[in-house]
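Coordinate inspection notes
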Amino acid sequence: MSLLTACANVIPPCGAKTSPPSSELRNTKWELTRWNLPPNANGEVRTRQIPQGESSNPIQITFDSKGDRVSGSTGCNRFTASLDEDAKGFTFKQITSTKMSCSSARMELENDFLYELNDYRNIVRNGDQLLMIGTDREVLSFTQRSLTSK
């Protein structure tokens, strides 16, 4: 019984797949719903506010049907990247984005998001949740959305 209790307290959950192959993410769309900052000196996890973007555009990532590209929105600008996959998982390469001007706070959030996209350590999928864990211990939590929704 203690094994089950200990397992339930693990983040990510025990049944989650770590670094799923990109084929499992083909034709899926994900919206950033939570951004955990690294624990502070007391070990407390803090969250970063994720406001809706310009014109209420959320931060989203969409994996294409071929499994070799992603695209999305930073809430202000659009971005695209190619996927480079090996036995250890996949990485985002050649990330490019449009250069529309937004509020300074939004631009800071966008820059930080694109940095995390470029420098994550691990991706974990657990059903309709996708966690992107950065090398700096920040965790971006995404929720799966319908491909037809905004």
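Here, every reference points to the structure presented above.
What you see is a predicted model; the values in this text were computed from it and never measured. (Residues numbered from 1 in each chain as written. Predicted model: local features only at pLDDT ≥ 70, side-chain atom pairs only at ≥ 80, totals over all residues. Heavy atoms only, no water.)

**A closer look at the state of the cysteines**
Operational definition: When two cysteine sulfur atoms are found within 2.5 Å, that pair is recorded as a disulfide. Secondary structure follows DSSP: runs of H or I at least 4 residues long count as helices, runs of E at least 2 residues long count as strands, and numbering of each begins at the N terminus. Relative accessible area decides the class of each residue, using a 1.4 Å probe on protein chains only: under 20% of the type maximum gives buried, over 50% gives exposed, and in between gives partly exposed.
Summed over all chains, the structure comprises one disulfide. In this model cysteine 76 forms its disulfide with cysteine 102; the gap between the sulfur atoms is 1.3 Å. Residues cysteine 76 and cysteine 102 are joined through a disulfide that is right-handed, its torsion about the S-S bond being 70 degrees. Here cysteine 102 lies in the loop between β7 (89–97) and α2 (104–118) and cysteine 76 lies in the loop between β5 (69–73) and β6 (78–86), a separation of 26 residues in the sequence. In this structure, cysteine 76 and cysteine 102 share a single accessibility class: buried.

**A closer look at unusual backbone geometry**
We note that glutamine 94 has phi near 50 degrees; this positive angle belongs to a residue other than glycine. Relative to the helices and strands, glutamine 94 resides in strand β7. The residue arginine 137 is not glycine, and still its phi comes out positive at about 70 degrees.

**Section: the nonpolar core**
Put simply, the rule is: Buried Ala, Val, Leu, Ile, Met, Phe, Trp, Tyr and Cys residues that are joined via side-chain atoms within 4.5 Å together make up what is termed a nonpolar core.
Counting residues in hydrophobic clusters, the biggest one holds 24 residues, and the most contacted among them are Ile61, Phe63, Phe92, Phe113, Met132 and Phe142. Breaking this core down by element, the ones donating at least two residues are β2 (28–37), β4 (60–63), β6, β7, α2, β8 (120–126), β9 (129–134) and β10 (139–145).

**Considering the side chain of glutamate 116**
What counts is decided by this rule: Within this scheme the basic residues Lys and Arg register as positive and the acidic residues Asp and Glu register as negative, but His and the chain ends are omitted. In what follows, salt bridge is the name for a side-chain nitrogen of Lys or Arg lying within 4 Å of a carboxyl oxygen of Asp or Glu.
Looking at the element boundaries, glutamate 116 is found in helix α2. For the buried glutamate 116, no salt bridge is present, and the opposite-charge side chain at shortest range is arginine 48, 7.2 Å distant.

**So, the side chain of glutamate 31**
Here is the rule: Polar contact criterion, stated in full: a pair of N or O atoms within 3.5 Å, where within protein one must be able to donate a hydrogen and the other to accept it, and residues adjacent in sequence count only if both atoms are side-chain atoms.
You can see glutamate 31 is positioned in strand β2. A distance of 3.1 Å separates the side chain of glutamate 31 from the side chain of arginine 145, its partner in a polar contact.

**Some thoughts on the pairing of β5**
Note the threshold: Any two strands are treated as partners once DSSP identifies two or more bridges connecting them.
Sheet topology note: the β4/β5 ladder contains four bridges and is antiparallel. Of the residues in β5, the one forming a bridge with threonine 62 is serine 71. Where β4 folds back onto β5 in an antiparallel hairpin, the turn is made up of five residues, including glycine 67, whose phi is positive at roughly 80 degrees. Bridge analysis of β5 against β6 gives five bridges, and the strand direction is antiparallel. Note on β6: the bridge partner recorded for serine 71 is threonine 80. What sits between β5 and β6 in their antiparallel hairpin is a turn of four residues, with glycine 75 showing a positive phi close to 95 degrees.

**Some remarks on the packing of aromatic side chains**
Each aromatic ring pair is described using two quantities: the centre-to-centre distance and the angle formed by the ring planes. Applied cut-off: Only rings of Phe, Tyr and Trp enter the pairing, Trp through its six-membered ring, and a pair is recorded when the two centres are within 6.5 Å. The plane angle decides the type: under 30 degrees is stacked, over 60 is edge-to-face, the rest tilted. Two limits define a charge over a ring: the Lys NZ or Arg CZ must be within 6 Å of the ring centre, and within 35 degrees of the ring normal.
This structure, assessed with the given rule, holds six aromatic pairs. Relative to tyrosine 120, the ring of phenylalanine 92 lies with its centre 5.6 Å away and its plane at 65 degrees, an arrangement referred to as edge-to-face. Of this pair, phenylalanine 92 sits in strand β7 while tyrosine 120 is found in strand β8, placing the two residues 28 residues apart along the sequence. There is no split in this pair, since phenylalanine 92 and tyrosine 120 are both buried. Linked through ring pairs, Phe63, Phe90, Phe92 and Tyr120 together constitute an aromatic cluster. Against the face of tryptophan 35 rests arginine 48, its NZ or CZ located 4.8 Å from the ring centre.

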